[in-house]
Amino acid sequence: MKDVLVLGAGRIGRVMAQLLADSGDYVVTLADRHAGALQDFGPPSLRRHTLQLDAADPAALAAALQGRFAVLNAFPFDCAATVAEAARAAGVHYLDLTEDVAATRRIKALAQDAATAFIPQCGLAPGFVSIAAADLAGRFEQLQTLKLRVGALPLYPSNALDYNLTWSTEGLINEYIQPCEAIVDGRRAEVAALEGLEQFSLEGTRYEAFNTSGGLGTLCDTWEGRVRELNYRSIRYPGHGQLMKALLNDLRLRERPALLKDIFEHAIPATQQDVVVIFVTATGWCDGRLTQHSLSRRVLGRWAGREPRSAIQITTAGSACAVLDLLAQGRLPQQGFIRQEQIALADFLGNRFGLVYADPAADGGEAPQTPSPLPLAA
């Protein structure tokens, strides 16, 4: 069994650790700075261990990494470079969920001449959506446009923002305020977050989408010079973007992210009853004809035994575990910087953890579990 360290016992990290431990193929140590966060991982066993660990303590982090096969970093994005540096020093494979562009650039530099693999951005977006986009793009003789749209939304919105907290508040704010990479008219560019507003419908539900940072991962590097338009936008219910612009720009809360985080977590409730919406569209030339290919997914939360898991938990954790599984099986390069778009969509969807993204209608067969909205109580 592969010995894996999972850093961060929050909503995503704990589910990653549980999935890997339950598979029977991994010995998992779940680490967090707060001892209380580790209590829900279950009693210690041969496959389950817990460790109280502060990533700001270099000696403790180095000791925790010794002898591991890999580390899955679910700490906040500002810890990514620190953990990646320690992983390189320890000779351990590194995977994370970061959307932060600067952190990914630092990790890419660390991966040069490294003896192990560095695979950042293994979540939903970037992550699965990057893999799906690359698969669509590869179907064209000449690619014209590649558009990625993803949202983690409440099933039952009940406030003016039409939004509930479903994942990291720090990550949410970061993607709303940082510049966004894109390719515009064939040239790489930075576009402003919250701009590029568009509206569309999927399966009878009306949505909006606007620029947010980090969702493209490394796709600009991969497709620069080969596509006319490439962009990523977050999906929300109509009106959300305009309210966020008022908060961030007019009230200047982009200058005070810590205050905005406190406001959000005090006023906007979290929810397990969410839906992940994915819509990727590519256009280009096939056999002399302008053609469009699209991929759409709608993933709901579901029960895992007696434990409710939200859609963002199962999609993000499932994606990271699938990438780790493919690495452990030798189906990915074992050293250097690995982009998400290097992973074959068929391999990902065929993996036991990647099955959470399976679409019976599109892919054939049956989904592993029938998704259903989580009730208010067990």
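(A) Looking closely at the overall build of the protein chain. When you go through the protein chain residue by residue, the secondary structure sums to twelve helices and 17 strands. Taken over the C-alpha trace, the protein chain has a radius of gyration of 20 Å; the compact-globule value for 378 residues is 21 Å, and the two agree within 12%. By its C-alpha atoms, the protein chain is 55 × 45 × 45 Å across when sized along the principal axes. Buried positions account for 53% of the 378 residues belonging to the protein chain. When the accessible area of the protein chain is evaluated, it comes to approximately 16,100 Å², of which 50% is carbon and sulfur surface. Distance between charge centres in the protein chain, computed from 35 positive and 41 negative side chains, equals 1 Å.

(B) Region of the structure containing the nonpolar core. In terms of nonpolar packing, the biggest core is built from 71 residues, with Leu20, Leu146, Leu148, Leu230 and Ile278 touching the most fellow members. By residue number, the principal contributor to this core is helix H10 (residues 311–328), which donates eleven residues. When sequence neighbours within four positions are dropped, the list of residues in contact with Ile278 reads Leu124, Phe128, Val129, Arg149, Val150, Leu295, Ser296, Arg297 and Tyr357. Ala55, Ala87, Val92 and Phe337 belong to the second largest nonpolar core, which has 25 residues in total.

(C) The arrangement of the packing of aromatic side chains in detail. Evaluation of the coordinates by the stated rule reveals eight aromatic pairs. Through a chain of ring-to-ring contacts, three or more aromatic side chains come together here, namely Phe200, Tyr207, Tyr237 and Phe279. A cation over a ring is seen here: Arg48 above Phe41, with NZ or CZ 5.0 Å from the ring centre. When the ring centre of Trp223 is taken as reference, the NZ or CZ atom of Arg226 above it lies at 4.1 Å.

(D) The environment of Gly215, seen in detail. For Gly215, the position within the fold is in the loop between strand S11 (205–211) and helix H7 (219–223). With 21 residues separating them in the primary sequence, Gly215 and Leu194 have C-alpha atoms 13 Å apart. Apart from the residues within four sequence positions on either side, Gly215 is in contact with Ala125, Pro126, Val129, Ser130 and Tyr232.

(E) How the structure looks around the pairing of strand S1 (residues 2–7). Relative to strand S2 (residues 26–32), S1 is paired through six bridges, and the arrangement is parallel. Bridged to Lys2 within S2 is Tyr26. For the segment spanning S1, helix H1 (residues 11–23) and S2, crossover handedness is right-handed. Here four bridges tie S1 to strand S4 (residues 70–73), and the two strands are oriented parallel to one another. The residue bridging Val6 from the neighbouring strand is Leu72, located in S4.

(F) Local environment of the side chain of Ser234. Secondary-structure assignment places Ser234 in strand S12 (residues 229–236). Take Ser234: its relative accessible area is 2%, and that puts it in the buried class. Ignoring any residue separated from it by four or fewer positions in sequence, one finds Ser234 in contact with Val150, Glu175, Glu208, Ala209, Phe210 and Thr212.

(G) Geometry of the pairing of strand S5 (residues 93–96). The alternating pattern of S5 places His93 and Leu95 on one face and Tyr94 and Asp96 on the opposite face, and all of these are buried. Alignment of S4 against S5, held across four bridges, turns out to be parallel. From the neighbouring strand, Leu72 faces S5, where its bridge partner is Leu95. Crossover S4 to S5 through helix H3 (residues 80–90) is right-handed. Here S5 runs beside strand S6 (residues 117–119); their pairing, made up of two bridges, is parallel. When the sheet's bridge partners are listed, Leu95 is paired in S6 with Ile119. Handedness of the S5-helix H4 (residues 101–111)-S6 crossover: right-handed.

(H) Structural detail: the confidence of the model for the protein chain. Summarising the model, the protein chain shows a mean pLDDT of 91, and 95% of its residues fall at 70 or more. Residue range residues 363–378 is modelled with pLDDT below 50. Its contacts to residues more than four positions away, or to other chains, number 33 contacts.

(I) Region of interest: the packing of helix H6 (residues 169–177) against helix H9 (residues 257–267). Running from N to C, H6 and H9 point in directions that differ by 125°, and their axes come no closer than 10 Å. Taken as axis vectors, H6 and H9 run oblique relative to one another. Between H6 and H9 lies a crossing of right-handed hand. From H6, Thr169, Glu170, Leu172 and Ile173 reach across to H9, where they touch Pro257, Leu260, Lys261, Phe264 and Glu265.

(J) Up close: unusual backbone geometry. Following Ala125, the chain continues to Pro126 via a peptide bond in cis, the omega torsion being 0°. Here Pro126 is to be found in the loop between S6 and helix H5 (128–137). At Glu203, a residue that is not glycine, the phi angle is positive and equals roughly 50°. Relative to the helices and strands, Glu203 resides in the loop between strand S10 (198–202) and S11. According to the relative accessible area criterion, Glu203 is exposed, its value standing at 67%.

Conventions adopted
Residues numbered from 1 in each chain as written. Predicted model: local features only at pLDDT ≥ 70, side-chain atom pairs only at ≥ 80, totals over all residues. Heavy atoms only, no water. Helix = DSSP H or I, 4+ residues; strand = E, 2+ residues; numbered from the N terminus. Rg over C-alpha atoms; globule rule 2.2 N^0.38 Å. Buried < 20%, exposed > 50% of the residue type's maximum accessible area, 1.4 Å probe, protein only. Areas by Shrake-Rupley, 256 points an atom, 1.4 Å probe, with all protein chains shown as cover. Lys, Arg positive; Asp, Glu negative; His and termini not counted. Charge placed at Lys NZ, Arg CZ, Asp CG, Glu CD. Core = buried A, V, L, I, M, F, W, Y, C linked by side-chain atoms within 4.5 Å. Contact = heavy atoms within 4.5 Å. Phe/Tyr/Trp six-rings, centres within 6.5 Å; stacked < 30°, edge-to-face > 60°. Lys NZ or Arg CZ within 6 Å of the ring centre and 35° of its normal. Pairing = 2+ DSSP bridges. Right-handed = clockwise from strand over helix to strand, strands pointing away. pLDDT = per-residue confidence, 0-100. Axes fitted to C-alpha atoms, helices over the stretch in contact; angles between N-to-C directions. Parallel < 35°, antiparallel > 145°, perpendicular 65-115°, else oblique. Left-handed = near helix turned anticlockwise from the far one by under 90°.

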